[in-house]
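Descriptive analysis of the structure
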Amino acid sequence: MKNFVNKKIRNDILLVLVIISLALIAFLVFKLSAREGSEAVITVDGNTYATLPLSENATLTVTLENGGENTVTVKGGEVFVTSADCPDKICVSHRPIKNVGETIVCLPHKVVVTIEGEGSGSDVDIIS
Amino acid sequence: MRTDTKRLTLLGLSVALAMILSYVEFLLPPIISAVPGIKLGLPNVIILYVFFKSGEVDAALVSAVRLFLSALLFGSFLTFLYSFAGALFSFLVMLALKKSKLFSTVGVSIGGGVFHNLGQIIMAIIVLGTREIGYYMIILTFTGTLSGFLIGILAAIMIKRVKAR
């Protein structure tokens with residue numbers, strides 16, 4: 001019985017190691033394939049709202065149909081959300097993004113800011 | 001299905017306990033506010049207990065009723081979708097891990113935790129139509145493992161000490 005229990009704990013540890021190494025591999029793949037993007041695409045509920053070039057500083061307030069607002073700022077090639085009236089403010093506390101594929105998501109407002117590169121478009125499947 | 005008063009009572013109690021734990025968790029401050037979806041998942045202690053003591057069908061029932069009630073009381077249709085995807089993924093993986101008989105309660109719980117997050121991320125990709133959210137899964141893998149581990153330990157203690165009937 002004792003042996004049986006130990007075997008299960010060993011399997012548990014193996015399971016954790018497999019899960020963690022899969023995550024690390026995914027992380028490395030993302031990091032190594034990271035390159036600086038050229039524009040920030042803002043979508044609301046899956047529809048493109050605006051596209052901002054990273055080369056010039058700009059501030060844009062995204063206004064939703066229900067009156068919600070997210071203010072997106074481009075500064076020095078980086079994009080971040082400066083203010084929002086969503087309940088959780090997760091998008092505001094998100095660090096600035098600049099590499100292709102990086103995103104800032106505001107779940108309550110369904111607003112997504114994605115960095116895209118030259119000609120890469122959104123067809124690049126980064127998940128698989 | 002046989003009408004079994006004892007079983008019915010146990011399931012009702014489990015749902016009530018899970019609901020209370022949902023509320024307790026709702027009162028706690030978020031662990032890392034910058035990343036959504038990181039939660040301890042306290043109600044899962046109850047679901048795991050039922051899963052191992054009373055069976056998979058009962059656990060699925062408790063989980064389903066809890067999801068529905070939580071959505072009605074504290075959530076919206078959107079939060080229901082996320083919870084549903086998480087619960088479904090988590091349940092299927094826990095079922096597979098348990099049936100394999102290779103893992104302990106803690107191992108099953110860790111698998112459930114990580115796949116709960118995976119289910120939610122996939123639902124977020126469908127709802128928001130943005131594949132890039134998949135990035136979050138890397139962080140969620142670690143936190144899911146950690147919360148699965150802690151919840152698994154709690155559930156193992158409870159399974160050992162609390163008699164089902």
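The rules behind the values
Within any chain, residue numbers begin from 1 and follow the written order of that chain's sequence. Here every chain gets a letter starting at A, and every ligand a number starting at 1, in the order they are written. Confidence filtering applies because this is a predicted model: local features only for residues at pLDDT of at least 70, side-chain atom pairs given and counted only at 80 or more, and all residues used for totals across whole chains, interfaces and linings. A run of H or I in DSSP counts as a helix once it spans at least four residues, and a run of E counts as a strand once it spans at least two, with each numbered from the N terminus. We compute the radius of gyration from the C-alpha atoms alone; for a globule the expected value is 2.2 Å times N to the 0.38, where N is the number of residues. It is the C-beta atoms, placed from the backbone, that decide contacts: two residues are in contact if theirs lie within 7 Å. Whether two strands pair depends on DSSP finding at least two bridges between them. Helix axes are fitted to C-alpha atoms over the stretch in contact, other axes to C-alpha atoms as well, and angles between N-to-C directions run from 0 to 180 degrees. Throughout the structure description, domain borders are defined by an automatic or database domain assignment. Per residue, pLDDT captures the predictor's confidence, and it can take any value from 0 to 100. For this classification, Asp, Glu, Lys and Arg are treated as charged, while Ala, Val, Leu, Ile, Met, Phe, Trp, Tyr, Cys and Pro are nonpolar and the rest, including Gly, are polar.

With respect to the overall build of chain B
In terms of helices and strands, chain B carries six helices and zero strands. Along chain B, helices (α) and strands (β) appear in the sequence α-α-α-α-α-α when read from the amino end. For 165 residues, the compact-globule estimate of 2.2 N^0.38 gives 15 Å, and chain B sits close to it at 15 Å. When the backbone C-alpha atoms are referred to their principal axes, chain B occupies close to 45 × 35 × 30 Å. The contacts in chain B between residues at least 6 apart in sequence include a share of 69% that link residues at least 24 apart.

A closer look at the sheet that holds strand 5 (residues 78–84) of chain A
Within a sheet, neighbouring strands are paired by backbone hydrogen bonds and run either parallel or antiparallel to one another. All names here are of chain A. Strand order in this open sheet of three strands is 3-4-5, and the pairing throughout is antiparallel. Among the strands making up the open sheet, the edge pair consists of strand 3 (58–63) and strand 5. Ignoring strand direction, the axes of neighbouring strands in this sheet form an average angle of 25°.

Topic: the domain arrangement of chain A
Annotation of chain A at the domain level lists domain 1 (1–33) and domain 2 (39–116). Here domain 1 of chain A and domain 2 of chain A have C-alpha centroids that lie 35 Å from each other.

Some words on the confidence of the model for chain B
Residue and element names in this part refer to chain B. On average, residues of chain B score 88 in pLDDT, and 90% of them reach the 70 mark or higher. No element of chain B has a lower mean pLDDT than helix 1 (residues 5–27), which averages 90, and none a higher one than helix 2 (residues 43–53), which averages 94. With pTM at 0.71, the complex prediction returns an ipTM value of 0.81.

A closer look at unusual backbone geometry
Residue and element names in this part refer to chain A. Within the chain, Lys89 stands out as a residue other than glycine whose phi angle is a positive 60°. Relative to the elements of secondary structure, Lys89 occurs in the loop between strand 5 and helix 2 (90–93). With a phi angle near 55°, Lys110 is a residue other than glycine that sits in the positive phi range. Summarising the element assignment, Lys110 is placed in the loop between strand 6 (103–106) and strand 7 (111–116).

Structural notes on the interface of chain A and chain B
Every contact between the two is made by 27 residues of chain A and, on the other side, 23 residues of chain B. Sorting the residues of the side of chain A that touches chain B by element identifies helix 1 (2–32), helix 2, strand 6 and strand 7 of chain A as the ones contributing at least two each. A total of 12 residues in the side of chain A that touches chain B trace back to one element, the largest contributor, which is helix 1 of chain A. By residue class, the composition of the side of chain A that touches chain B is 15 nonpolar, eight polar and four charged.

Description of the sheet that holds strand 7 of chain A
All names here are of chain A. Read from one edge of the open sheet, four strands run 2-1-7-6, paired in antiparallel fashion. The open sheet terminates on both sides in strands that have one partner only, identified here as strand 2 (47–53) and strand 6. Strand-to-strand twist across the sheet, computed as the mean angle between neighbouring axes with direction ignored, equals 15°. Pairing analysis gives four bridges linking strand 6 to strand 7, with the strands arranged antiparallel. Across the sheet, residue Val105 finds its bridge partner in strand 7, namely Val112.

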